[in-house]
Amino acid sequence: MSDVSAERNDRRRHVPRHIAIVMDGNGRWAKARMMPRQAGHRAGAESVRQVVEAAGKMGVEVLTLFAFSSENWSRPQEEVSVLMDLFLRTLEKESVRLHEHNVRIRMIGDRARLSRRLQEQMASAEALTADNTGLTLVIAASYGGRWDLARAARRMAQDARDGQLDPNEINEQCMTSYLSLDGLPEPDLLIRTGGEKRISNFLLWHLAYAELLFVDTLWPDFGTDELHAAVDAFAGRERRFGMTAEQVERVGRA
Ligand code: FPP
């Protein structure tokens, strides 16, 4: 086996099943080039395209991208419109190509706050790709971890009231099933670009044991090479899930 394919093989063994990304730094990328913020978001959409393709090729099962948070609604109205328009156009343009690449698209977030047209486009992208078996691409739009938890609590309370859920049976597994990422493995690796070291109300429940990787690279500069570097950094981490290093070693050998 050549050195290159040995390296590729080794990387595949350590590839996270689920990568979640906080794509930060579009505004600063544009500012550094004396361009309007929207140019940064457009360049960010190009990074999305590259990273989705690279993640699929690496054998990642799920890629969750934080496209727009519950809190992003407080940005200037003009920027919110630019972002919504970019999501709509990107979905219109890319859905068929993603479908051809066997990608399954899933949206999480408070859809009721999105325009009817965007809601329809999201639903049709999900329906078109529902049976695909390759990478699952989760787009978090109008999403907040607290929103997700509050919605789960509300839905559990409704089911309990309707006699469909016994409150005594509510445990971690049950809770997970009421949250947006139901049915998907939890993130192994969270990457945040743009230099800040925060989770910013992303997947609060699901990130409990994720490895956190904060990189200075601004999102529009993050591409295939940077994703490979992030996965290499992940491969070097020891995940203990609350166990001792010796226990982990024993489990690994078994
Ligand atoms: C954060 O950078 C980025 C966003 C709020 C938007 C993310 C959107 C994209 C990458 C565009 C395309 C996405 C999809 C899914 C098609 P920022 O504006 O907060 O940057 P700053 O911190 O430098 O100001």
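Counting of residues starts from 1 at the beginning of each chain's written sequence and follows it residue by residue. Selection of residues for local features in this predicted model requires a pLDDT of at least 70, selection of side-chain atom pairs for listing and counting requires 80 or more, and totals for whole chains, interfaces and linings are taken over all residues. The basis for the side-chain values is all heavy atoms of the structure; hydrogens and waters are excluded.

Peer 1: Quick question: what am I supposed to make of the overall build of the protein chain here?
Peer 2: By definition, any uninterrupted DSSP run of H or I lasting at least four residues is a helix, any uninterrupted run of E lasting at least two residues is a strand, and each is numbered from the N terminus. Assigned secondary structure in the protein chain consists of nine helices and six strands. Compactness check: the protein chain gives a C-alpha radius of gyration of 19 Å against a globular reference of 18 Å for 254 residues, within 12% of the reference. Principal-axis analysis of the C-alpha atoms gives the protein chain an extent of 60 × 55 × 35 Å. Type-normalised accessible area, obtained with a 1.4 Å probe on protein chains alone, sets the label of each residue: buried when under 20%, exposed when over 50%, and partly exposed for intermediate values. Counting the 254 residues in the protein chain, one finds 46% classified as buried. For this analysis, residues touch if any pair of their heavy atoms sits within 4.5 Å. Long-range contacts, defined as pairs at least 24 residues apart, comprise 75% of the intrachain contacts of the protein chain with a sequence gap of at least 6. Positive and negative side-chain charges of the protein chain, numbering 35 and 37 respectively, have mean locations separated by a distance of 3 Å. We compute the radius of gyration over the C-alpha atoms and compare it with the globule rule, which gives 2.2 Å times the number of residues raised to the power 0.38. When charges are tallied, Lys and Arg are placed among the positive residues and Asp and Glu among the negative ones, while His and the ends of the chain are skipped. Where a charge lies is defined by one atom per residue type: Lys uses NZ, Arg uses CZ, Asp uses CG and Glu uses CD.

Peer 1: Looking at this structure, I do not really get the sheet that holds strand β2 (residues 62-69). What am I missing?
Peer 2: Backbone hydrogen bonds are what pair the strands of a sheet, in a parallel or an antiparallel way. Each pair of strands is called paired provided DSSP finds at least two bridges between the two strands. Taken in spatial order, the six strands of this open sheet run β3-β4-β2-β1-β5-β6, and their pairing is parallel. Every other strand in the sheet has two partners, leaving β3 (104-108) and β6 (211-214) as the edge strands with one partner each. The mean angle between the axes of side-by-side strands here comes to 20°, regardless of whether they run parallel or antiparallel. Pairing of strand β5 (residues 189-192) with β6 involves four bridges; the strand directions are parallel. In the sheet register, Arg192 faces β6, and the bridge partner there is Phe214. Along the sheet, helix α4 (residues 77-100) contacts β2, β3 and β4 (136-143); its crossing angle with β2, the most-contacted strand, is approximately 155°. Only C-alpha atoms enter the line fits that serve as axes; for helices the fit covers just the stretch in contact. Angles between N-to-C directions range over 0 to 180 degrees.

Peer 1: What should I look at first to understand the pattern of salt bridges in this one?
Peer 2: Oppositely charged side chains can pair when the atoms bearing their charge come close. Salt bridge, as used here: a side-chain nitrogen of Lys or Arg that lies within 4 Å of a carboxyl oxygen of Asp or Glu. All chains considered together, the criterion is met by 14 salt bridges. Two residues, Glu92 and Arg117, come together in a salt bridge whose shortest N-O distance is 3.1 Å. Of this pair, Glu92 sits in helix α4 while Arg117 sits in helix α5 (residues 116-129); the two residues are 25 residues apart in sequence, bridging distant segments of the chain. You can call Glu92 partly exposed: its relative accessible area is 37%. Among the salt bridges present, the one from Arg237 reaches Glu211, with a minimum N-O distance of 2.8 Å.

Peer 1: I keep staring at the side chain of Ser69 and nothing clicks. Help me out?
Peer 2: Of note, Ser69 is situated in strand β2. On the basis of relative accessible area, Ser69 is assigned to the buried category, the value being 8%. Look past the residues within four positions of Ser69 in its chain and what remains in contact with it is Ser142 and Tyr143.

Peer 1: Can you walk me through the packing of helix α3 (residues 37-58) against helix α8 (residues 224-235) in this structure?
Peer 2: Two measures define how a pair of helices packs: the angle their axes make with one another and the distance between the axes. Direction vectors running N to C along α3 and α8 enclose 45°, while the axes themselves pass 9 Å from each other. With respect to their mutual orientation, α3 and α8 come out oblique. The handedness of the crossing between α3 and α8 comes out as right-handed. In this structure, α3 contributes Gln50, Val51, Ala54, Ala55 and Met58 to the contact, and α8 contributes Thr224, Leu227, His228 and Val231. In the scheme used here, Gly and all other residues not listed as nonpolar or charged are polar, with Ala, Val, Leu, Ile, Met, Phe, Trp, Tyr, Cys and Pro taken as nonpolar and Asp, Glu, Lys and Arg as charged. Of the residues belonging to the contact of α3 with α8, the class tally is six nonpolar, three polar and no charged. Any angle that is under 35 degrees is reported as roughly parallel, and any over 145 degrees as roughly antiparallel; angles of 65 to 115 degrees are reported as roughly perpendicular and all others as oblique. Two helices that cross are described as forming a left-handed crossing if the nearer one is turned anticlockwise from the farther one by less than a right angle, and a right-handed crossing if clockwise.

Peer 1: I keep staring at the site of the ligand and nothing clicks. Help me out?
Peer 2: Taken together, 19 residues lie near the ligand, and Asp24, Gly27, Arg28, Arg37 and Arg75 sit nearest. Distance and chemistry together define a polar contact, namely a pair of N or O atoms within 3.5 Å, with one atom able to donate a hydrogen and the other to accept it when in protein, and with adjacent residues in sequence counting only for side-chain atoms on both sides. Contact between the ligand and Gly27: an oxygen atom at 3.0 Å from a main-chain N or O atom of the residue. One of the side-chain N or O atoms of Arg75 is found 2.7 Å from an oxygen atom in the ligand. Here the accessible surface of atoms and residues is derived via Shrake-Rupley with a 1.4 Å probe, and residues count as covered only by protein chains that are part of the display. Considered on its own, the ligand offers 620 Å² of accessible surface; in the complex 91% of this is hidden by protein. The element that contributes the greatest number of residues to the shell around the ligand is α3, accounting for five residues. Nearness of a residue to a molecule or strand requires only that one of the residue's heavy atoms be within 4 Å of it.

Peer 1: Would you take a moment to explain unusual backbone geometry for this structure?
Peer 2: Keep in mind that most residues, glycine aside, have a negative phi and that most peptide bonds are trans. Look at Met34: it is not a glycine, yet its phi comes out positive at around 55°. By the secondary structure assignment, Met34 is in the loop between α2 (26-32) and α3. On the basis of relative accessibility, which here comes to 80%, the residue Met34 falls in the exposed class. In this structure, Asn102 is a non-glycine residue whose phi angle is positive, near 65°. With respect to the element layout, Asn102 can be found in the loop between α4 and β3.

Peer 1: Hey, could you run me through the pairing of β2 in this one?
Peer 2: Where a strand is regular, its side chains alternate between the two sheet faces. Across the eight residues that make up β2, a large majority, eight, are buried. Taken together, the five bridges between strand β1 (residues 18-22) and β2 define a ladder with parallel strand orientation. If you follow Ile21 over to β2, its bridge partner there is Leu65. Two elements, β2 and β4, share seven bridges in a ladder whose sense is parallel. Looking across to β4, one finds that Val62 is bridged to Thr136.

Function-wise, these values are silent; they only describe arrangement.
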